[in-house]
Amino acid sequence: MSDVRSGYYYTKEHEWVTVEENIVTLGITDYAQQSLGDIVFVELPQIDQEVSKDESFGVVESVKAVSDLYCPVSGKVVEVNETLVNSPEIVNTAPFEEGWILKLEVNMSSTELEEMLEEELMDFEAYKNFLEEEE
Amino acid sequence: MTYIPHSEKNISEMLEVIGVKSISKLFSQVPEEFHKDGKLKLPAKLAPFELERLIDSISKENKLPSRGKNFLGAGLYNHWVPSVVDEITSRQEYYTAYTPYQPEISQGTLTTIFEYQTMMARLTGLPISNASLYDGATGVAEAAMLSVRSSRKNSVLVSKTVHPEYRKVLKTYMQHLNVKVIEFAYNNIGEIDTIDLEKKIDEHKDDLASVIVGSPNFFGIIEDIANIKSMIKNPQVLLIASLSEPMSLALVNPPGKCGADIVVGEALSFGNYINFGGPTLGFITVKENLLRNLPGRVCGETVDKDGRRAFVFTLSTREQHIRREKATSNICSNQNLLAMRATIYLSYMGEKGLKNTAIICNERASYAKKKFEAQKNISLKFSAPFFNEFVIEVPDSKAFLEALQKKGIQGGLDLHRFYPELKNNILVSYTELNSIEDIDLYFNSIS
């Protein structure tokens with residue numbers, strides 16, 4: 001059984017996002033890391049790179065697969081998790097905390113952003129149900 | 001290869017198993033108008049010795065590139081192939097064009113691929129090589145696609161002195177990827193025109209993925225890679241050095257040591273025959289940061305469960321058979337038989353042997369250059385340093401080459417075919433197989 005936490009928004013591609021002001025933090029879920037297996041590489045975007053909604057901005061590579069990373073919002077990359085360059089396995093051990101992947105600056109007010117995410121993504125309960133269906 | 005025909009009994013047994021009445025029923029999906037009734041129009045059967053005689057007489061019509069009298073280079077170079085290359089590659093454990101589908105069971109094949117990669121990396125001066133590509137032309141296209149993937153930009157600049165056929169293939173690949181291919185000029189000594197390059201780098205700076213040059217270029221000239229690198233100010237723009245005469249790598253400072261991010265091209269010169277123009281052997285080597293964008297297969301070293309050294313295919317998760325349409329490249333195989341020949345050749349020649357061969361190639365070309373300079377109506381087109389081929393200008397290229405052809409000499413490539421502005425210019429090439437006597441014969445035939 002995979003770990004699902006409240007306080008996060010979830011995508012159908014098994015990414016999570018959190019919001020602080022107009023900064024969105026993104027990572028992959030515990031379910032995603034379990035399905036991928038041992039992660040050996042995370043391809044990170046460049047700082048200042050513009051990322052478009054629902055477009056692939058990088059990949060996560062495990063010993064058995066390479067998966068695209070998608071972002072549910074458009075924005076500019078302001079920070080990437082540099083620790084993952086040398087220790088990508090952190091995504092396996094702490095997908096919701098130290099294993100975060102990037103931070104985006106979004107051109108919206110935090111209320112607009114929260115409204116959009118609430119409408120388009122899943123919350124804790126919805127994602128739990130979604131996983132049950134998947135499993 | 002053994003040919004085992006099916007007997008009538010085999011055929012009826014097989015049809016029974018799959019529940020089809022006759023061979024023609026097997027093809028019922030094909031519209032009837034396309035079915036062919038009756039026998040194929042073939043000549044009457046021959047006894048084995050009659051057939052041999054017939055094939056022998058047909059084969060006499062082939063114009064084989066004679067060992068010493070071939071001065072055609074222009075991408076494929078006639079080098080000596082030690083007999084050990086044929087001997088080892090013809091072993092049945094090795095003789096296949098394919099990388100094995102169950103790769104780890106074929107440790108012998110994987111070992112040679114690993115050795116091939118190691119040697120190509122050392123020769124080109126870059127740390128990472130793949131297991132080989134189809135040929136030099138598709139190699140350049142793969143390198144361009146790699147630069148587009150890694151930079152997310154959509155323009156590539158390519159020198160007009162990159163092999164004309166490589167550029168043609170490059171354009172074919174790029175046209176459906178919406179990647180712009182922009183050519184830049186060469187100067188009056190046969191090197192790239194730095195002013196034109198500088199201008200075009202500036203014009204396309206917002207969308208530039210890579211700059212592709214040749215060294216030795218199509219005119220045989222060694223380019224100043226370090227200088228070209230310094231002209232590309234943006235580190236995201238990759239410098240791709242292409243070449244079709246890898247023998248040069250034994251003598252000149254390899255492009256990878258001078259700042260090229262990718263070295264790509266043709267490695268047929270190592271232990272392979274020119275045949276009638278193919279198959280040939282593509283290679284690509286890259287800097288470490290481009291590893292995950294490298295097309296094709298990569299063989300890696302590991303240890304087995306008992307701690308013994310072993311080899312595996314690595315990074316397969318990015319290949320087509322696993323990642324489907326999102327694979328780094330459509331190339332899902334390599335040119336293994338030819339790469340194996342290159343491995344055996346390079347092991348046999350060693351550093352010293354390869355260097356000596358490269359020196360001989362360069363010396364023979366220099367010998368011929370002096371002789372051309374002494375000719376009245378012939379001049380050297382370009383003055384920049386060359387490896388083993390160069391361009392001459394003659395009064396009438398057609399008559400010149402025809403006169404040589406009559407003596408059984410392939411006297412060079414008329415450049416007019418690829419460069420309309422280079423009328424009566426001929427590219428001539430030299431390897432260790434062109435002896436001093438052969439070169440003297442060439443000059444006796446033109447005077």
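Source: prediction; values computed, not measured.

What to know about the overall build of chain A
- A count of helices and strands for chain A gives five helices and nine strands.
- Starting at the N terminus and walking to the C terminus, you meet the elements of chain A as β-β-β-α-β-β-β-β-β-α-α-β-α-α.
- Here the C-alpha atoms of chain A give a radius of gyration of 14 Å, agreeing with the 14 Å that 2.2 N^0.38 yields for 135 residues.
- Taking all 135 residues of chain A together, 48% fall into the buried category.
- Counted over contacts in chain A with a minimum sequence separation of 6, partners at least 24 positions apart contribute 63%.
- Total accessible area on chain A is roughly 6800 Å²; 43% of this is exposed by carbon and sulfur atoms.

Re the nonpolar core
Residues and elements named next belong to chain B.
- Counting 48 residues, the largest nonpolar core has L197, V211 and F270 as its most contacted members.
- Among the elements that make up this core, the one with the highest residue count is helix α11 (residues 336-373) (12 residues).
- Mapped onto the domain boundaries, this core takes at least three residues apiece from domain 1 (67-80 + 351-446) and domain 2 (83-344).

Points about the domain arrangement of chain B
Residues and elements named next belong to chain B.
- Each domain of chain B was delimited in the assignment, giving domain 1 (67-80 + 351-446) and domain 2 (83-344).
- Between the C-alpha centres of domain 1 and domain 2 there is a distance of 27 Å.
- Contact with domain 1, which involves 33 residues of that partner, is made by 33 residues of domain 2.
- Each partner contributes to the roughly 2600 Å² buried at the junction of domain 1 and domain 2, and carbon and sulfur atoms together form 69% of this total.
- At the junction of domain 1 and domain 2, the tally comes to one salt bridge.
- For the pair domain 1 and domain 2, the number of links is nine residue pairs in polar contact (both at pLDDT 80 or more).
- Sorting the residues of the side of domain 1 that touches domain 2 by element identifies α11 and β11 (389-393) as the ones contributing at least two each.

Considering the environment of F130(A)
Residues and elements named next belong to chain A.
- By the secondary structure assignment, F130 is in helix α5 (residues 124-134).
- Sequence spacing of F130 and D3 is 127 residues, and the spatial spacing of their C-alpha atoms is 13 Å.
- Contacts of F130, omitting those with residues within four sequence positions, involve K12, H14 and M122.

Here's the deal with the sheet that holds strand β6 (residues 262-266) of chain B
Residues and elements named next belong to chain B.
- Read from one edge to the other, the open sheet built from seven strands follows the order β1-β7-β6-β5-β4-β2-β3, with strand pairing classed as mixed. The sheet is open, and its two edges are formed by β1 (128-129) and β3 (180-184), each paired on a single side.
- Two strands pair when backbone bridges link them, and β6 and strand β7 (residues 282-286) are joined in this way by five bridges, in the antiparallel orientation. For I262, the partnering residue across the bridge sits in β7 and is V286.
- Packing of helix α5 (residues 107-124) onto the sheet brings it into contact with β1, β6 and β7, and relative to β7 it is tilted by some 65 degrees.

Thoughts on the pattern of salt bridges
- For the structure on display, the rule yields 23 salt bridges over all chains.
- E61(A) serves as the salt-bridge partner of R292(B), at 2.7 Å between the closest nitrogen and oxygen. Taken as a pair, R292(B) in the loop between β7 and β8 (298-303) and E61(A) in strand β6 (residues 56-62) lie in two separate chains rather than in one.
- Taking the relative accessible area as the measure of exposure, E61(A) reaches 3% and is therefore buried.

A word on the packing of α5(B) against α11(B)
All names here are of chain B.
- With their axes 9 Å apart at the nearest point, α5 and α11 run at an angle of 50 degrees to one another. It follows from the interaxial angle that α5 and α11 lie oblique. Along this stretch, α5 crosses α11, giving a crossing that reads as left-handed. Between α5 and α11, the contacting residues are T109, T112, I113, E115, Y116, M119 and L123 on the first element and N336, A339, M340, A342, T343, L346, S347 and L354 on the second.
- Residue composition of the contact of α5 with α11, grouped by class: nine nonpolar, five polar and one charged.

Focus: the sheet that holds strand β10 (residues 379-380) of chain B
All names here are of chain B.
- Spatial strand order, β10-β11-β13-β12: four strands in an open sheet with antiparallel pairing. The open sheet has two free edges, formed respectively by β10 and β12 (413-414), since each of these has just one partner strand.
- By the bridge criterion, five bridges tie β11 to strand β13 (residues 425-429) in an arrangement that is antiparallel. If you follow E389 over to β13, its bridge partner there is S429.
- Across the face of the sheet, α11 comes into contact with β10, β11 and β13 while running at roughly 10 degrees to β11.

A word on the confidence of the model for chain B
- Looking at chain B, the pLDDT average stands at 93 and 98% of residues meet or exceed 70.
- Scored as a complex, the prediction yields pTM 0.86 and ipTM 0.73.

Quick look at the interface of chain B and chain A
- Taken together, the nine residues of chain B in the interface contact 18 residues of chain A.
- Across the chain B to chain A interface the summed buried area is about 910 Å²; carbon plus sulfur atoms make up 33%.
- Here chain B and chain A share two salt bridges between them.
- Put simply, chain B and chain A have two residue pairs in polar contact (both at pLDDT 80 or more) between them.
- Partitioned by chemical class, the residues of the side of chain B that touches chain A number two nonpolar, two polar and five charged.

Things to note about the packing of helix α6 (residues 136-151) of chain B against helix α7 (residues 164-175) of chain B
All names here are of chain B.
- For the pair α6 and α7, the least separation of the axes is 8 Å and the interaxial angle reads 45 degrees. Classified by the interaxial angle, the pair formed by α6 and α7 is oblique. At the point where α6 passes α7, the crossing takes the right-handed sense. Each of G136, A137, T138, V140, A141, A144 and M145 in α6 lies in contact with α7, whose residues at this interface are E165, Y166, V169, L170, Y173 and M174.
- For the contact of α6 with α7, a count of residues per class yields 10 nonpolar, two polar and one charged.

Re α5(B)
Residue and element names in this part refer to chain B.
- With 18 residues, α5 should cover 26 Å at 1.5 Å per step; its first-to-last C-alpha distance of 26 Å lies within 8% of that length.
- Three or more residues of α5 are buried, namely T109, L110, T112, I113, F114, Y116, Q117, M119, M120, A121, L123 and T124.
- The secondary structure elements touched by the buried residues of α5 are β1, β6, β7, β8, β9 (309-314) and α11.
- Just past α5, the residue G125 takes up positive phi, approximately 80 degrees.

What counts and how
- Residues numbered from 1 in each chain as written.
- Chains lettered and ligands numbered in written order.
- Predicted model: local features only at pLDDT ≥ 70, side-chain atom pairs only at ≥ 80, totals over all residues.
- Heavy atoms only, no water.
- Helix = DSSP H or I, 4+ residues; strand = E, 2+ residues; numbered from the N terminus.
- Rg over C-alpha atoms; globule rule 2.2 N^0.38 Å.
- Buried < 20%, exposed > 50% of the residue type's maximum accessible area, 1.4 Å probe, protein only.
- Contact = heavy atoms within 4.5 Å.
- Areas by Shrake-Rupley, 256 points an atom, 1.4 Å probe, with all protein chains shown as cover.
- Core = buried A, V, L, I, M, F, W, Y, C linked by side-chain atoms within 4.5 Å.
- Domains from an automatic or database assignment.
- Buried area = accessible area lost by both parts, 1.4 Å probe.
- Salt bridge = Lys/Arg side-chain N within 4 Å of Asp/Glu carboxyl O.
- Polar contact = N/O pair within 3.5 Å; in protein donor to acceptor, adjacent residues only side chain to side chain.
- Pairing = 2+ DSSP bridges.
- Axes fitted to C-alpha atoms, helices over the stretch in contact; angles between N-to-C directions.
- Parallel < 35°, antiparallel > 145°, perpendicular 65-115°, else oblique.
- Left-handed = near helix turned anticlockwise from the far one by under 90°.
- Nonpolar A, V, L, I, M, F, W, Y, C, P; charged D, E, K, R; others polar.
- pLDDT = per-residue confidence, 0-100.
- Expected span 1.5 Å × (residues − 1).

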